[in-house]
Each structure stands twice: as C-alpha cells, then as structure tokens.
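Next come the chains, spelled out residue by residue.
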Amino acid sequence: MGEFKVHRVRFFNYVPSGIRCVAYNNQSNRLAVSRTDGTVEIYNLSANYFQEKFFPGHESRATEALCWAKGQRLFSAGLNGEIIEYDLQALNIKYSMDAFGGPIWSMAASPSGSQLLVGCEDGSVKLFQINPDKIQFERNFDRQKSRILSLSWHPSGTHIAAGSIDCISVFDVKSGSAIHKMHVDRQYMGVSKRKCIIWGVAFLSDGTVISVDSAGKVQFWDSATGTLVKTHLVANADVQSIAVSDQEDSFVVGTAEGTVFHFQLVSVTSNSSEKQWVRTKPFQHHTHDVRTVAHSPTALISGGTDTHLVIRPLMEKVEVKNYDAALRKITFPHRRLISCSKKRQLLLFQFSHHLDLWRLGSTVATGKHGDTLPLSKDADHLLHLKTKGPENIICSCLSPCGSWIAYATASRFFLCRLNYEHDNISLHRVSKMPAFLRSAVQILFSEDSTKLFVASNQGSLHIFRLLEGSFKHLHTFQAQSGTVESMCLLAVSPDGNWLAASGTSAGVHVYNVKRLKLHCTVPAYNFPVTALAIAPKTNNLVIAHSDQQIFEYSIPDKQYTEWSRTIQKQGFHYLWLQRDTPITHISFHPKRPMHILLHDAYMFCIIDKSLPLPNDKTLLYNPLPPTNESDVIRRRTAHAFKISKRYKPLLFMDLLDERTLVAVERPLDDIIAQLPPPIKKKKFGT
C-alpha cells in the first residue's frame with residue numbers, strides 16, 4: 001500500500017437533519033425520505049440501498065407527510081399549508097399548491113393512486129383528484145373539531161379513517177360525511193392525561209382500524225360498530241408511527257423511546273383458523289424518537305430524530321441469506337460534501353446554509369509507522385460563507401488552485417474569487433451570472449483551474465473559461481436524445497481534454513472538451529454510478545457502481561480495458577461485494593499509474609492493477625503488508641486490494657501529494673452529542 005502521512009481531520013462539524021417521514025413505493029422498490037430541514041431523498045432499494053436522488057431543503061418547508069401516487073409520482077405536504085409534487089427527472093419541484101386549510105399534518109393517496117387526501121390544522125379533510133399534469137381540488141369532508149394528524153384509506157377506497165385529538169373518525173368517501181366517531185381513552189398508566197393525540201391510523205380490509213397514540217397504546221377498533229376491540233400498551237411514551245404490510249399479516253410501530261415493535265397476525269392454536277394480533281419482536285436500533293416507519297415486503301424501515309435510516313430485514317421473508325439480510329443503518333448522504341485544494345492544502349466543507357474553508361495544519365516532526373505527530377501549526381478556519389435566503393445549498397466546489405469557490409442553491413448560482421495576502425484572505429463575488437445557471441446540480445473545476453463545468457437539472461452541461469475575477473461562457477452540451485435527466489456526477493481528465501458525466505439511470509457520457517462534441521457513451525449498466533474519475537496519462541475512466549462493481553474504460557479506445565475485462569471475468573471477492581456503503585470518491589497516485597485510490601464510509605482502498613486479483617479463498621482484508629524483502633511467501637500471496645479500516649466514518653479521503661493523505665472523519669458519537677437529549681428511561685439498579 002505504501003507509507004503516507006495522514007492529515008486526520010475531525011473538525012467538519014456536520015450533523016444530518018432528523019428524519020420526519022418515509023414513504024415506500026412497491027412498484028419501483030424505492031423509498032422516499034423527508035428530513036426536518038425540508039430535504040427529500042430517494043433511495044433505490046434494488047440498487048444496494050443507494051441514495052440516487054435528492055431534493056434540497058428550504059427553511060419554509062417543514063415536511064409532515066410524504067406519499068407516492070399512481071405512475072410513481074411523489075407528493076409532500078407540510079406546515080406551510082402547501083402540497084408539493086416533485087419532478088423525479090429534473091430533480092426540482094414541479095409545482096406547489098395551497099390547500100387553504102392551514103398547516104397540513106397528514107396525507108394519503110388512495111389505493112388506486114388517483115386521489116389524494118390531506119388533513120389540515122383547521123380540522124378539514126380535503127380530497128384532491130390527481131390529474132396527469134396537476135392535482136385538482138374535489139371537495140371537503142365534514143370538518144372536525146381539531147387538527148387531522150393521521151389518515152388512512154380502506155383498501156377498497158370507499159372509506160377513510162382520520163385520527164385527531166381524542167378521537168378517530170370514519171368517513172364515507174362518496175358522501176364525505178362521518179359515519180363513526182371513536183373516542184380514545186385518555187388514561188395513561190392509570191393517570192388521566194389532558195388529551196390523547198392519535199399519531200397514526202391504519203385501515204385494514206376487514207374493517208379493523210389500528211390506532212397509535214400519545215398514551216403509548218396500540219388499539220384495534222371495529223369500524224362497522226365504532227367500538228374498541230383490543231388494546232396493547234407498548235410504551236411509557238408516545239407511539240408515533242405505524243405501517244402495515246401489503247398482505248396485512250404484520251405491521252410495525254415506532255415509539256418516542258427509540259423502540260420499534262413488530263406485530264404479526266398468528267393462529268391462536270396450531271390447528272385453529274382463528275387468528276389474533278401478537279407483538280412478536282422489539283428492536284432498539286434508535287437512540288431517540290422513531291418519527292416514522294415503513295413496511296416493505298422484506299424489511300421494516302424506520303427513521304427519526306437520531307438521523308439514522310434503519311432497514312431491518314425480515315429473515316423469514318428473505319429467500320437467500322446473504323448481505324441483503326443484514327441490518328442497514330444509513331447516516332450520511334451518498335454524495336460528496338467536501339472539496340479539496342491540493343496546491344494550498346485547503347478543505348471546503350458544505351453545510352445546509354453556509355460553507356467553511358479551512359487550511360490544514362502542518363508538522364515538522366518525524367516518526368515511525370503508526371505515530372501521531374504533534375502539529376507545529378494548527379489548522380486555520382479561513383472563511384465562513386453564509387448564503388442569503390431560505391434555500392439549502394445543493395452543491396459546491398473549491399478549485400484545485402484554491403482561488404475560486406462556486407456553489408448553487410435551487411434558484412441561484414454563485415462564483416467567488418479568493419485572494420490571499422500573507423495571512424489575510426479577501427473574497428470577491430463575480431456578478432451577473434447567466435440565468436441558465438440557476439438550475440445547477442453539480443459543479444467541477446478543471447485541474448488547472450482555468451475552466452468551470454456546471455451540470456444543470458435539464459441534462460445540459462455548461463463550460464466556462466475563468467479569467468482574473470471574471471468568466472466567459474464557452475459552450476453548452478445539450479441533453480442527449482431529448483432527455484431531461486440531471487447529470488449528478490462529473491469528472492474531468494487532468495489534461496483538461498475529457499469530461500465524463502453520469503445521470504441517475506442513463507449511461508456515462510464522455511465529451512471532448514477541445515473539440516466541444518460528444519466523444520462516446522459508456523455501455524449502460526443496471527446499477528447507478530456512485531463515483532467516477534479519469535486517470536492521468538492513460539485517460540482511462542474508472543467507474544464505481546452501487547452494487548460495488550468497478551469498471552475501467554479507455555476513453556481514447558472507446559472500450560473497456562484489459563484489466564477491467566479480467567476482473568469482470570474472474571469476479572470480485574465476495575466480501576468486497578457485501579459492503580453496504582457506496583464508493584463516493586476515486587483518485588489516482590501521480591507517480592504510480594497502476595494504483596487506483598478509492599473509499600466508502602468505512603474503508604480506504606488502494607487497488608494495485610499490477611498484482612493478481614483475490615479469489616474467494618484469499619484473505620481480502622489483509623492488514624499487514626510484507627515487512628521485508630525476504631518474506632517471499634507473503635509477497636507471492638499479495639493481491640491487488642490493499643484495504644485500511646482505520647478511518648471511519650470516512651466522509652472524504654484524497655492524496656494531497658505523493659506522500660500525504662487527508663482523511664475527513666465524522667464520528668457518530670459526536671453527532672449524537674449534538675442532538676436533543678432522548679427520553680430518560682429508568683434502568684434496573686439505578
């Protein structure tokens with residue numbers, strides 16, 4: 001692997017936003033996740049749980065509800081009183097519509113996917129028709145006395161259940177009138193509470209309504225008679241969410257204590273056809289409130305205040321017991337939030353509403369392998385750049401020379417020139433940026449910092465020449481074959497002649513920057529691209545996919561390289577394929593053309609293409625390199641993959657020079673320390 005000095009950076013004070021709601025789409029096997037800052041993320045569960053798309057947050061959008069409708073259309077609603085539909089191709093908001101009922105607390109799509117219900121602050125339940133281009137208001141149901149906090153459709157689409165405060169109402173969809181009102185007992189552990197909040201309801205096909213409330217109860221109601229059938233007291237705090245499987249044989253609830261409970265419909269006796277609901281499994285994968293849950297055919301999905309998205313497979317529903325059956329806990333975004341200037345040893349950190357620029361520390365001390373060297377000069381916080389307005393930052397980039405910063409929000413693009421004079425830094429913002437840059441989703445500078453590449457959400461790529469404090473638009477590559485898919489990943493060759501761009505589902509396109517034309521398209525692959533980079537000198541394009549496959553494509557020859565064909569023929573080591581976090585960054589050693597450097601959140605790897613590939617019988621994670629030249633046996637058994645798991649969770653790692661690495665870590669304990677305190681639970685013996 002070689003010896004490196006490593007700058008171990010832990011001052012990226014990044015805290016992900018808490019998860020507010022999730023929505024699972026069975027047709028596409030995708031999961032939509034909304035966070036407390038208004039960000040919405042789309043995970044492709046078929047592609048190794050990769051976060052393939054995201055919509056940036058907004059200060060005025062406090063999303064309270066999220067749902068899928070017919071045709072894989074995604075809607076959200078929140079406390080600003082608006083219903084939003086998202087454009088999943090262009091990665092922007094298609095439109096927003098005021099429901100005129102005050103803040104919206106709940107939303108549900110009909111079983112057919114053609115109608116949308118919203119529950120509002122003023123106690124109204126509003127029905128919208130989902131048309132091909134837009135939703136249209138149809139009518140109001142009978143208004144209730146308090147806000148509508150939860151909604152659920154009967155699978156036939158004829159009735160709905162609505163949970164509010166102290167009461168569950170059953171409505172007839174055709175007439176819009178309430179046919180039953182079921183009042184919930186305020187008793188909590190023998191003590192009468194002031195009010196009981198119905199956080200979630202689920203309407204089953206046999207007419208049973210399941211409710212979860214702030215008194216820690218899961219209750220079963222008969223909607224035909226409006227009577228209580230059974231009560232389960234599951235928590236000493238709120239039960240905040242519920243989700244039922246499509247077969248209606250199991251459901252999952254999440255509590256404010258961080259526990260997820262699984263209920264299953266089981267036979268009373270082995271020979272009996274009579275069945276009853278039984279609480280079968282508790283899971284404690286969260287430290288804070290579980291605000292939302294979902295139930296896919298093979299897994300229980302939960303998220304909450306502790307920012308983790310937890311996917312817990314149901315072992316009895318998983319046919320093959322492989323890494324798909326392992327618990328997944330997704331904390332960090334599957335995209336880069338950090339860019340680096342190797343020349344000036346600077347790091348740019350991206351947050352929701354500001355950017356931080358740091359200069360790395362330095363040392364003159366020396367030591368042996370594994371030593372921690374004292375700093376002779378501490379890291380400097382050079383710049384804190386705040387954005388104006390309520391929109392979150394989508395993307396940002398620091399030029400390799402350290403003299404330019406570019407960043408974008410959903411409606412604005414900013415380019416800034418940095419000037420360094422001794423220990424002082426000044427910032428000059430470039431004015432009059434073109435209007436077509438307002439939809440940028442990815443930004444990249446060329447290696448010599450003379451060109452700026454911007455990918456828009458309409459699928460086009462813009463090239464600019466950077467001058468001293470100004471810019472000039474050179475060319476725009478239009479979207480291929482009339483598509484409007486956003487290009488989410490960009491890579492430029494070190495000589496500046498080639499530009500590679502990848503969307504979420506289309507192949508990787510390679511452009512000739514000198515001739516300003518499309519050079520070739522890499523053959524399409526079933527799984528989305530997670531990282532790509534172009535090697536110096538050879539101009540080989542290295543592509544990492546979400547299923548952990550790596551391809552090497554020769555841009556000049558327009559074909560896969562011999563090494564790539566060999567590794568595809570032999571196959572990757574099974575432990576390599578079982579990793580559950582995607583590769584997010586690829587780079588190359590300037591003096592060792594056979595080395596590929598890459599990392600995910602839990603490992604850093606150097607692939608030496610000159611060495612043989614490991615097979616499944618080989619030890620993949622070989623912690624120690626050959627110690628001396630006489631160690632012939634170990635040299636013969638050495639393979640191409642040199643992996644280090646010392647740095648984690650790893651948000652960024654790259655070479656500063658041929659002997660120096662920078663690693664940016666974000667320990668989970670540091671994140672949890674900045675969250676609000678969880679509910680205090682009495683422990684035995686304390």
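Refer to the structure presented above.
Summary of the structure given here. (Residues numbered from 1 in each chain as written. Predicted model: local features only at pLDDT ≥ 70, side-chain atom pairs only at ≥ 80, totals over all residues. Heavy atoms only, no water.)

## Some points on the overall build of the protein
Secondary structure assignment for the protein yields four helices and 57 strands. Overall, the C-alpha framework of the protein stretches about 80 × 60 × 50 Å when taken along its three principal axes. The buried share among the 686 residues of the protein stands at 57%. By sequence separation, contacts in the protein at least 24 residues apart represent 48% of the contacts at least 6 residues apart. For the protein, the exposed surface amounts to about 30,100 Å²; the carbon and sulfur share of it is 50%. Positive and negative charge centroids in the protein, built from 77 and 60 side chains respectively, lie 3 Å apart. (Helix = DSSP H or I, 4+ residues; strand = E, 2+ residues; numbered from the N terminus. Buried < 20%, exposed > 50% of the residue type's maximum accessible area, 1.4 Å probe, protein only. Contact = heavy atoms within 4.5 Å. Areas by Shrake-Rupley, 256 points an atom, 1.4 Å probe, with all protein chains shown as cover. Lys, Arg positive; Asp, Glu negative; His and termini not counted. Charge placed at Lys NZ, Arg CZ, Asp CG, Glu CD.)

## Observations regarding the nonpolar core
Counting 23 residues, the largest nonpolar core has Trp576, Ile586, Leu598, Ile607 and Phe641 as its most contacted members. Residue assignment for this core shows that the elements contributing at least two residues are β48 (529-534), β49 (540-545), α1 (562-570), β52 (585-588), β53 (595-599), β54 (604-608) and β55 (641-644). In contact with Ile586, other than residues within four places in its own chain, are Ala531, Leu532, Ala533, Val542, Ala544, Ile596, Leu597 and Leu598. Counting 20 residues, the second-largest nonpolar core is a separate cluster that includes Phe54, Leu415, Met433 and Leu452. (Core = buried A, V, L, I, M, F, W, Y, C linked by side-chain atoms within 4.5 Å.)

## A word on the packing of aromatic side chains
Aromatic ring pairs are defined here through the distance separating the ring centres and the angle between the ring planes. Under the counting rule described, the total for this entry stands at 23 aromatic pairs. On the numbers, 4.7 Å between centres and 5° between planes, the contact of Phe251 with Phe263 is stacked. Linking Phe251 in strand β25 (residues 250-255) with Phe263 in strand β26 (residues 260-267), this pair joins segments that are 12 residues apart in sequence. A residue is classified by how much of its surface remains accessible, and Phe251, at 0% relative accessible area, is buried. Residue Phe263 is classed as buried on the basis of its relative accessible area, which comes to 0%. (Phe/Tyr/Trp six-rings, centres within 6.5 Å; stacked < 30°, edge-to-face > 60°.)

## Considering unusual backbone geometry
The peptide bond linking Lys648 to Pro649 adopts the cis configuration, its omega dihedral lying at -15°. Although it is not a glycine, Asp166 adopts a positive phi angle of roughly 70°. One can find Asp166 in the loop between β15 (159-163) and β16 (167-172). When its relative accessible area of 12% is taken as the criterion, Asp166 is described as buried. Phi is positive for Lys537, which is not a glycine, with a value near 70°. Assignment of secondary structure puts Lys537 in the loop between β48 and β49.

## With respect to the pattern of salt bridges
Inspection of the entire model under this criterion finds 18 salt bridges. Lys94 is paired through a salt bridge with Glu85; the nearest N and O atoms lie 3.9 Å apart. Assessed through its relative accessible area of 2%, Glu85 is described here as buried. For Lys217, the salt bridge is made with Asp213, and the minimal N-O distance between the two is 3.4 Å. (Salt bridge = Lys/Arg side-chain N within 4 Å of Asp/Glu carboxyl O.)

## Overview of the sheet that holds β55
In space, the four strands of this open sheet follow the order β52-β53-β54-β55, with antiparallel pairing throughout. On the outer flanks of this sheet lie β52 and β55, each paired with one strand and no other. Each strand axis lies, on average, 20° off the axis of its neighbour in the sheet, ignoring direction. Bridge analysis of β52 against β53 gives four bridges, and the strand direction is antiparallel. Of the residues in β53, the one forming a bridge with His585 is His599. (Pairing = 2+ DSSP bridges. Axes fitted to C-alpha atoms, helices over the stretch in contact; angles between N-to-C directions.)

## What to know about the pairing of strand β5 (residues 50-55)
Taken across its six residues, β5 has six buried, putting it largely inside the fold. In this structure, strand β4 (residues 40-44) lies alongside β5, joined through five bridges in antiparallel fashion. The residue of β5 that forms the bridge with Asn44 is Phe50. Connecting β4 to the antiparallel partner β5 that follows it, the hairpin turn spans five residues, and Asn48 within it adopts a positive phi of roughly 60°.

## Some points on the sheet that holds β26
Pairing between the strands of a sheet comes from backbone hydrogen bonds, and it takes one of two forms, parallel or antiparallel. Spatially, the four strands line up as an open sheet ordered β24-β25-β26-β27, and their pairing is antiparallel. Two strands close off the open sheet at either side, each with one partner strand: β24 (239-244) and β27 (275-283). When the angles between neighbouring strand axes are averaged without regard to direction, this sheet yields 25°.

## Remarks on a positive patch on the surface
Where like charges cluster on the molecular surface, the positive patch consists of Lys388, Arg412, Arg429 and Arg438. Position of Lys388 among the secondary structure elements: in the loop between β35 (380-386) and β36 (395-398). (Patch = residues over 30% accessible without salt bridge, like charges linked within 9 Å, V, L, I, M, F, W, Y side chains within 5 Å.)

## Here we look at α1
Listed as buried for α1 are Trp563, Ser564 and Ile567. When α1 is viewed along its axis, its buried side chains cluster within an angular range of 100° and face the same direction. Every exposed residue of α1 that faces more than 90 degrees away from the buried side is listed here: Glu562 and Lys569. Along its buried surface, α1 packs onto β50 (550-554), β51 (559-560), β53, β54 and β55. Once α1 ends, the next one or two residues include Gly571, with phi positive near 95°. (Arc of directions from axis to C-beta.)

## A look at the pairing of β4
In terms of residue burial, β4 counts as a mostly covered element, since five of its five residues are buried. Residues Val40, Ile42 and Asn44 of β4 are buried on one face, and the alternating residues Glu41 and Tyr43, pointing to the opposite face, are buried as well. The sheet contact formed by strand β3 (residues 30-35) and β4 spans five bridges and is antiparallel. Bridge pairing in β4 places Ala32 opposite Ile42. Here β3 hands over to β4 after four residues, with Gly38 in that stretch at a positive phi of 90°.

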